[in-house]
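Examination of the molecular architecture
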2 protein chains.
Amino acid sequence: MNQRQTVAERGGAGRPGKNGDGAERHEEIHRSISDAIIEHRLRPGARLREDALAEVFGISRTGIRKILQRLALEQLVTLTPRRGASVTRPTADEAKDVFDARQMVECGLMPEVARRITDDDLRELRDMARRERQALKSGEQSTAIRLSADFHARLARISGNATLADFVERLCSRSSLILAVYGNPGHLGCESHDHDDLIGFLEAGNGERAQAFMGRHLKAIEASLSIVEEEVEAPDLHRIFAD
Amino acid sequence: MNQRQTVAERGGAGRPGKNGDGAERHEEIHRSISDAIIEHRLRPGARLREDALAEVFGISRTGIRKILQRLALEQLVTLTPRRGASVTRPTADEAKDVFDARQMVECGLMPEVARRITDDDLRELRDMARRERQALKSGEQSTAIRLSADFHARLARISGNATLADFVERLCSRSSLILAVYGNPGHLGCESHDHDDLIGFLEAGNGERAQAFMGRHLKAIEASLSIVEEEVEAPDLHRIFAD
DNA sequence: ATGCGCATCATTGTATACATATCGGCGGCC
DNA sequence: GGCCGCCGATATGTATACAATGATGCGCAT
């Protein structure tokens, strides 16, 4: 059905395989799925069938597999050998690792960020923080979560170190998954004014305080999680017969 | 032609599609290419044609593409849209970013490593350091480079944080590429006894000193590089007419 | 002789077809 | 009546065929 729409769309271009770039299409699809996961529109554990995705986005399974693979390397989806893809359900250990990593890297980046930050950066960060507060107020939790992740990633990028910024970006994406599994509904540990306070320290060029504040901020988020191993599926048998 | 050989090889197993796992084969191939790059048997800039690789490893292009994609995400190879894959040639900026990242993460991990390290770990690390020294002495520079990267990665893994350990592992791989481009032949900044000294601090449980030493160690490696943008290909024209 | 344009070729991008393994239900057997 | 095993369905893994694009080399014109 939508298959038809898809075909029409591509065919409508009149040039099959025309195209400035099919790769951009892939980028776009990747972003779509990625956002859906980060915004919790796709919950951890949700299965992602290749056929279904191929149909939805109007490309063949080949392209979808490529994208799923990339998502798997970013640890947003889990690829089980003969079972297909599903949204990753982070374990408690992984959650701890991710937050420890954020603690080290994001805090460590703050001094350099304070040194390099420009007025344009400050303006953009303020805007992001404002939109995040707004989303939170109007109950759009999905949007708020994504904006929060975006904020942290954007911040890291100001450091000028692309490698570390990419890493932080991925950590933030994974954090979003962790929130989906261990977070308390209706309360995402991120206090709404935290980001604004942080911007204040950075504007003052006070990297030290920004670093310390980021540390507390992350600790607060982590502390708001209810990390209890769910142990839902067939756990007892293995444990009982472990010896 | 070689197609036949391939078929024979797989058919030789008697079970077409038999197989403990085809995925393990992929893992193996990934490792093969990865090692070749890290050991500088494939130099930066070297082209990696899909057909050729498919032929060498006896699988079809589909599998090769999957592997190349993964290598691209690990930034060991660069995928140029219609031009295919080649071994990544890191820029000077990337080199700086990678070493800054290593400085932050590897040093930051040392205290935790010192806290958690076991006798088995120490034994293994000593063995790796020994083999590295030995390789260096006998002129097997390729092996020495890989062992050095392995050493740093192994060290990071002791911290117990898989996420950070994976990150360090990738940073070390990229460092190997950086060495290939900017390193001085016959002299890889890594002093042969450095790793042994580091092990000593860790054995003493002195995380602080290990951290400081790691910092100097990495700085020394970075300082040994000749980071001069090569500017080989068609550089002058752009620069001359830049205005 | 040199520079431009065109045709061919080599190589990647995409889709599809086929093989294979797992999951679910059903029937037979104990 | 319940459990084991088989069989069909579904979805993934792999290979191959086809299409499109950029590179290369040749020929022609100036």
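Residues numbered from 1 in each chain as written. Chains lettered and ligands numbered in written order. Predicted model: local features only at pLDDT ≥ 70, side-chain atom pairs only at ≥ 80, totals over all residues. Heavy atoms only, no water.

**Points about the pattern of salt bridges**
Applying the stated criterion across every chain yields a total of 45 salt bridges over all chains. Residue E203 of chain A is joined to R126 of chain A by a salt bridge in which the shortest nitrogen-to-oxygen separation is 2.5 Å. Of the two residues, E203 of chain A is situated in helix α9 (residues 194–203) and R126 of chain A in helix α6 (residues 119–137); the sequence distance between them amounts to 77 residues. E203 of chain A gets classed as partly exposed once you look at its relative accessible area, which sits at 47%. The salt bridge partner of R154 of chain B is E124 of chain B, with a shortest N-O separation of 3.0 Å. Here R154 of chain B, found in helix α7 (residues 141–158), pairs with E124 of chain B, found in helix α6 (residues 119–137); they are 30 residues apart in sequence, far enough to count as distant. For E124 of chain B, a relative accessible area of 36% corresponds to the partly exposed category. Members of the salt-bridge network, linked through shared partners, are E50, D51, R61 and R65 of chain A. (Salt bridge = Lys/Arg side-chain N within 4 Å of Asp/Glu carboxyl O. Helix = DSSP H or I, 4+ residues; strand = E, 2+ residues; numbered from the N terminus. Buried < 20%, exposed > 50% of the residue type's maximum accessible area, 1.4 Å probe, protein only.)

**Quick word on the interface of chain A and chain B**
At the interface, 21 residues of chain A touch 21 residues of chain B. The junction of chain A with chain B conceals about 1,800 Å² of combined surface from both sides, 61% of it contributed by carbon and sulfur atoms. Three residues, D97, M104 and T163 of chain A, lead the burial of chain A against chain B; their summed loss comes to 30% of the area buried on that side. Our count for the contact surface shared by chain A and chain B stands at zero salt bridges. In this structure, the connection of chain A to chain B is made through six residue pairs in polar contact (both at pLDDT 80 or more). Those elements giving two or more residues to the side of chain A that touches chain B turn out to be α4 (61–73), α5 (92–116) and α8 (162–182) of chain A. Of the residues forming the side of chain A that touches chain B, the biggest block, eight residues, is contributed by α5 of chain A. (Contact = heavy atoms within 4.5 Å. Buried area = accessible area lost by both parts, 1.4 Å probe. Polar contact = N/O pair within 3.5 Å; in protein donor to acceptor, adjacent residues only side chain to side chain.)

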